[in-house]
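Inside the fold
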Amino acid sequence: MIPGDFDYLRPRTKSEALTMLREGGDEARPIAGGHSLIPMMKLRMATPERLVDLGALSDLNYIDIDKEVRIGASVTQHQLIESTELHDACPILRETALLIADPQIRYCGTIGGNVANGDPGNDMPALMQCLDATYIIESTNGKREVKARDFYQGAYFTALETVELITGIRFKAPAQGHGYSYQKLKRKVGDYATAAAAVVLSMSEDNVLDASVALTNLADTPLYVAEAESILTSAPLSPITIKGAVKAAEAIMAPASDGRGSSEYRTRMGGVMVQRAIEAAVERADKTAKKGGLFGWLKR
Ligand SMILES: Cc1cc2nc3c(=O)[nH]c(=O)nc-3n(C[C@H](O)[C@H](O)[C@H](O)COP(=O)(O)OP(=O)(O)OC[C@H]3O[C@@H](n4cnc5c(N)ncnc54)[C@H](O)[C@@H]3O)c2cc1C
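Attention in this report is confined to the structure presented alongside it. Treat the numbers as computed from the prediction; the structure is a model and nothing was measured. (Residues numbered from 1 in each chain as written. Predicted model: local features only at pLDDT ≥ 70, side-chain atom pairs only at ≥ 80, totals over all residues. Heavy atoms only, no water.)

**Regarding the sheet that holds strand β1 (residues 7–9)**
- Spatial strand order, β1-β3-β2: three strands in an open sheet with parallel pairing. On the outer flanks of this sheet lie β1 and β2 (28–31), each paired with one strand and no other. Across the sheet, the mean angle separating the axes of adjacent strands is 25 degrees when strand polarity is ignored.
- As judged from the three bridges shared by β1 and strand β3 (residues 50–53), these two strands associate in the parallel manner. Among the inter-strand pairings, L9 is bridged to a residue of β3, identified as V52. (Pairing = 2+ DSSP bridges. Helix = DSSP H or I, 4+ residues; strand = E, 2+ residues; numbered from the N terminus. Axes fitted to C-alpha atoms, helices over the stretch in contact; angles between N-to-C directions.)

This is the structure:
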């Protein structure tokens, strides 16, 4: 319950924050919503000597939508849910955010903190892989970009250096008519997923034109199921193509056995979540979408 001592810094600008992080080196940590970091500090599993609070950086709090969706790192889960523009452009974000934690946590927890944290239980990382998002990363040395699909290396191991900040996230706006679903099995409100799956796809009549599938809490990292798209687009949609995608997803899962169930159970539930997410996305998709129009961007 009692964290160790630390210095608290509250920069007013992004460049001030980056300087404070650089000067703090390995002992400094950014703090955003604090709803992953503070619980870890209370357990002394994290003992930073310097906290750099991102709360006053208004330049990290934006949602811009045109052909691309750009979301600042400090946007809270509550803001993601509230934004009607974001919901019109990319409704899976609201659907996913509503399955994260509870209202109080969503008022504080940020999208930047959720994707930077590196806990495989976080839901936004797989969604960002599903949307083929890019993280904008800054330090006093400048700016670089890393794809969400390349960012996660292991539990709490990411491509981020200690002196770096994720300042924003960007991804190509899905075209009108796409189908989407985030399916999450959990034991109760506020629990991390036993298994969860994000699916975004487009359809023309019975054909899947493009599809993207990613998984939460079914390995040490979020997982993008690269094979699922080719399987789902190989023939008109049928129970066989859906089963193929489910099998491809299950083949790359490696969940821990823990209080949420055995590895075998969680893998099977992962498959069920993938199947439900595909079916729900198909149900929502505009089936008249023409080939080439939608989700070409999902192909890398
Ligand atoms: C009871 C409970 C239930 C929860 N349930 C869920 C759930 O179901 N699904 C889910 O996804 N999450 C869940 N969470 C986590 C919650 O969503 C967190 O808010 C989120 O994981 C982290 O966001 P934050 O803004 O609070 O980050 P913080 O806690 O402030 O930071 C988390 C980590 O990210 C780093 N960091 C923060 N911002 C940046 C940045 N911009 N650039 C670089 N590094 C940064 C910090 O240094 C720290 O290491 C739950 C939390 C609690 C307490």
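Still more to cover.
**Structural notes on the pairing of strand β6 (residues 134–139)**
- A large share of β6 lies buried, amounting to six of its six residues.
- Burial along β6 is two-sided: the residues T134, I136 and E138 and Y135, I137 and S139 are all buried.
- Strand direction decides the pairing type here: β6 and strand β7 (residues 142–147), joined by six bridges, are antiparallel. Note on β7: the bridge partner recorded for S139 is G142.
- Where β6 hands over to β7, the hairpin turn is made up of two residues, counted between the paired strands.
- As judged from the five bridges shared by β6 and strand β10 (residues 165–172), these two strands associate in the antiparallel manner. Bridge pairing in β10 links Y135 to I169. (Buried < 20%, exposed > 50% of the residue type's maximum accessible area, 1.4 Å probe, protein only.)

**Considering unusual backbone geometry**
- With a phi close to 55 degrees, A101 is a non-glycine residue in the positive phi region.
- In this structure, A101 sits in the loop between α5 (92–97) and α6 (103–108).

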